[in-house]
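Residues per chain, in single letters:
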Amino acid sequence: MPSQIAQSPWQTTALLIARLIFAAVFLMAVTFKSMGMGATAGFIAAAGFPFPLFLAWCAAILEVALVLCFLSGAFFTQAALVAAAYVLFLAFAFHGPSHWAGNQAEFGFFVDHFSFIAGLLFAAVHGPGQTLALNPGWPGRA
């Protein structure tokens, strides 16, 4: 049974736009990976991770799953939490303090991840909304 709390049209619109933005960010990421999986693997290898091509494919599969969850609203809260953890990992692994000395812009890239994480955490708390969502609200909430 869906939540009994009514959403105003602007809240519904804002939630749908936020879901589209989250999906678009991860869709762009997976598209760029798909267009150059070798280059993505090289970037992963340069960061010191083993099995870079395997990890690149794992990242692409995760990002496709996140896109589907954000667009459909299915497993939305869980997807937002996984995405927040993934973005936090990316911030430290590819733009963390060890990268700042060589390129000051890396600090900006690092900090930018946290505004995205904040949005994902906020989305996880509030859920996908009641419109165009396969799983509105928190899991198990009546």
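Residues numbered from 1 in each chain as written. Predicted model: local features only at pLDDT ≥ 70, side-chain atom pairs only at ≥ 80, totals over all residues. Heavy atoms only, no water.

So, on to the side chain of glutamate 106. Position of glutamate 106 relative to the elements: it lies in helix 6 (residues 105–126). One buried charge, glutamate 106, has no salt-bridge partner; the nearest side chain with opposite charge is lysine 33, at 14 Å. Filtering out sequence-adjacent residues up to four positions away, glutamate 106 remains in contact with Phe94, His95, His99 and Trp100. (Helix = DSSP H or I, 4+ residues; strand = E, 2+ residues; numbered from the N terminus. Buried < 20%, exposed > 50% of the residue type's maximum accessible area, 1.4 Å probe, protein only. Lys, Arg positive; Asp, Glu negative; His and termini not counted. Salt bridge = Lys/Arg side-chain N within 4 Å of Asp/Glu carboxyl O. Contact = heavy atoms within 4.5 Å.)

At a minimum axis separation of 13 Å, helix 1 (residues 9–35) and helix 4 (residues 76–95) run at an interaxial angle of 50 degrees. As far as their axial angle goes, helix 4 and helix 1 are oblique. Crossing of helix 1 over helix 4 shows left-handed handedness. Residue-level inspection shows Arg19, Phe26 and Lys33 of helix 1 in contact with helix 4, the latter providing Phe76, Ala83, Tyr86 and Val87. Partitioning the contact of helix 1 with helix 4 into residue classes produces five nonpolar, no polar and two charged. (Axes fitted to C-alpha atoms, helices over the stretch in contact; angles between N-to-C directions. Parallel < 35°, antiparallel > 145°, perpendicular 65-115°, else oblique. Left-handed = near helix turned anticlockwise from the far one by under 90°. Nonpolar A, V, L, I, M, F, W, Y, C, P; charged D, E, K, R; others polar.)

The subject of this paragraph is the pattern of salt bridges. The final tally for this structure, using the stated rule, is one salt bridge. As a salt-bridge pair, lysine 33 and glutamate 63 come within 2.9 Å of each other at their nearest N and O atoms. Here the residue lysine 33 occupies a position in helix 1, and glutamate 63 occupies one in helix 3 (residues 52–72), the gap between them amounting to 30 residues. Residue glutamate 63 is classed as buried on the basis of its relative accessible area, which comes to 2%.

For the rest of this paragraph, the subject is helix 2 (residues 37–46). Among the residues of helix 2, those classed as buried are Met37, Thr40, Ala41 and Ile44. Down the axis of helix 2, the smallest arc covering the buried residues is 100 degrees, so these residues share one side. For helix 2, the exposed residues lying more than 90 degrees away from the buried face are Gly38, Ala39, Phe43 and Ala46. Those residues of helix 2 that are buried are in contact with helix 1, helix 3 and helix 4. Looking at the residues trailing helix 2, positive phi occurs at glycine 48, about 95 degrees. (Arc of directions from axis to C-beta.)

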